[in-house]
Amino acid sequence: LTKNEMMISEIWCPEKTVEITGEGYKPEGKFLINKNEIDAKTKEAVSLMLKVGALCTNANLESKGNEYSIIGDPTEGAIVVAAAKMGMDKTRLEAEFKREYEIPFSSERKMMTTINIRERKRMSCVKGATEVVTNLCENIMVDGRPARMTNSLKEKIIQQNLEMASKALRVLAIAYKEMPSAEKEAAEK
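Now for a description of the structure that goes with this document. Computed from a prediction, not measured in an experiment: that's the story for all the values here. (Residues numbered from 1 in each chain as written. Predicted model: local features only at pLDDT ≥ 70, side-chain atom pairs only at ≥ 80, totals over all residues. Heavy atoms only, no water.)

## Concerning the overall build of the protein chain
Along the backbone of the protein chain there are 6 helices and 12 strands. On C-alpha atoms alone, the protein chain measures out to a radius of gyration of 17 Å, which is about the 16 Å that the 2.2 N^0.38 rule sets for 189 residues. Projected onto its principal axes, the C-alpha positions of the protein chain cover 55 × 40 × 35 Å. In the protein chain, buried positions account for 37% of the 189 residues. Nonlocal contacts in the protein chain, meaning residues at least 24 apart in sequence, comprise 51% of its contacts between residues at least 6 apart. (Helix = DSSP H or I, 4+ residues; strand = E, 2+ residues; numbered from the N terminus. Rg over C-alpha atoms; globule rule 2.2 N^0.38 Å. Buried < 20%, exposed > 50% of the residue type's maximum accessible area, 1.4 Å probe, protein only. Contact = heavy atoms within 4.5 Å.)

In structure tokens:
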């Protein structure tokens, strides 16, 4: 019997796969690399991916006592739960990174985009089909540092996407871009 609950079981960052344990929507679990527990908060690519992913969702995690449920899309809910397992509370994230704008997911675009503002700085958060999102990226986070997105890296990402999909996993790519501040944009007009 299944409970119809989605959860994130793997996150791929260049050269490493992070396994996430736990059951259902309960925001408890471990982050593992090669079966060894890690402090995911110290893995910048993982924490950044979950932060951006949570900001680019409309789902929320709710609790009543020890019972947890998702309000919204189950795929988005899985992202919110994975972020919560790392200690990120979506309500606090949204208070810190206020959403200014949203372009909803559509079958034509194959991605969702939000524009979030923090301390006058704007950030575009995107989640969607791996090939679509990857083709828009100029850079990629490798070992906590931005690196130029190369055709070779794109091929690795697409290959990893196929490998994860072959295990019956639903795969999404997550990306972000820092944008000009609202003040700078107004001054340039």
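From this point, the narrative continues.
## Considering the sheet that holds strand E12 (residues 173-179)
With antiparallel pairing, the 4 strands of this open sheet are ordered in space as E7-E8-E9-E12. Strands at the two margins of the open sheet, each flanked by one partner only, are strand E7 (98-103) and E12. The sheet shows a mean angle of 20° between the axes of neighbouring strands, direction not considered. Pairing of strand E9 (residues 121-128) with E12, which is carried by 7 bridges, proceeds in the antiparallel orientation. Each bridged residue has a counterpart across the sheet, and for Val 126 the counterpart in E12 is Ala 175. Against the sheet, helix H1 (residues 44-55) engages E7, strand E8 (111-118), E9 and E12, with an angle of about 85° to E12. (Pairing = 2+ DSSP bridges. Axes fitted to C-alpha atoms, helices over the stretch in contact; angles between N-to-C directions.)

## Looking at the sheet that holds strand E4 (residues 36-38)
Taken in spatial order, the 4 strands line up as E1-E2-E3-E4 in an open sheet, and their pairing is antiparallel. Looking along the sheet, the strands with just one partner apiece sit at the ends: strand E1 (10-13) and E4. Strand-to-strand twist across the sheet, computed as the mean angle between neighbouring axes with direction ignored, equals 35°. Where helix H5 (residues 151-166) meets the sheet, its contacts fall on E1 and strand E2 (16-20), and the angle it forms with E1 comes to roughly 165°.

## Considerations on the pairing of E8
Judged by how many residues are buried, E8 sits mostly within the fold: 6 of 8 residues are covered. Pairing analysis gives 5 bridges linking E7 to E8, with the strands arranged antiparallel. Bridging across to E8, Lys 98 finds its partner in Ile 117. The pairing of E8 with E9 spans 8 bridges and is classified as antiparallel. Following the sheet pairing, Asn 116 is matched in E9 by Met 123. Between E8 and E9, which pair antiparallel one after the other, the connecting turn spans 2 residues, and Glu 119 there sits at a positive phi close to 45°.

## Describing the nonpolar core
Of all hydrophobic cores here, the largest spans 29 residues; its most connected members are Ile 8, Ile 11, Val 18, Phe 31, Val 46, Leu 50 and Met 86. Of all the elements in the fold, those that place two or more residues in this core are E1, E2, strand E3 (31-33), H1, helix H2 (74-85) and E9. Setting aside its immediate chain neighbours within four residues, Ile 8 contacts Ile 20, Ala 78, Ile 79 and Ala 82. Of all hydrophobic cores here, the second largest spans 6 residues; its members include Trp 12, Ile 140, Ile 157 and Met 164. (Core = buried A, V, L, I, M, F, W, Y, C linked by side-chain atoms within 4.5 Å.)

## Quick word on the environment of Lys 35
Here Lys 35 lies in the loop between E3 and E4. Under the relative-accessibility criterion, Lys 35 is labelled exposed at 65%. Sequence separation of Lys 35 and Val 18 is 17 residues, and the distance between their C-alpha atoms is 9.0 Å. Polar contacts involving the side chain of Lys 35 include one to the side chain of Glu 19, which spans 3.5 Å. (Polar contact = N/O pair within 3.5 Å; in protein donor to acceptor, adjacent residues only side chain to side chain.)

## Comments concerning the environment of Asn 161
Within the fold, Asn 161 resides in helix H5. Among the residues examined, Asn 161 registers a relative accessible area of 15% and is labelled buried. For the pair Asn 161 and Ala 173, spaced 12 residues apart in sequence, the C-alpha separation works out to 9.0 Å. Ignoring sequence-local partners within four residues, the contact set of Asn 161 consists of Thr 130 and Val 171.

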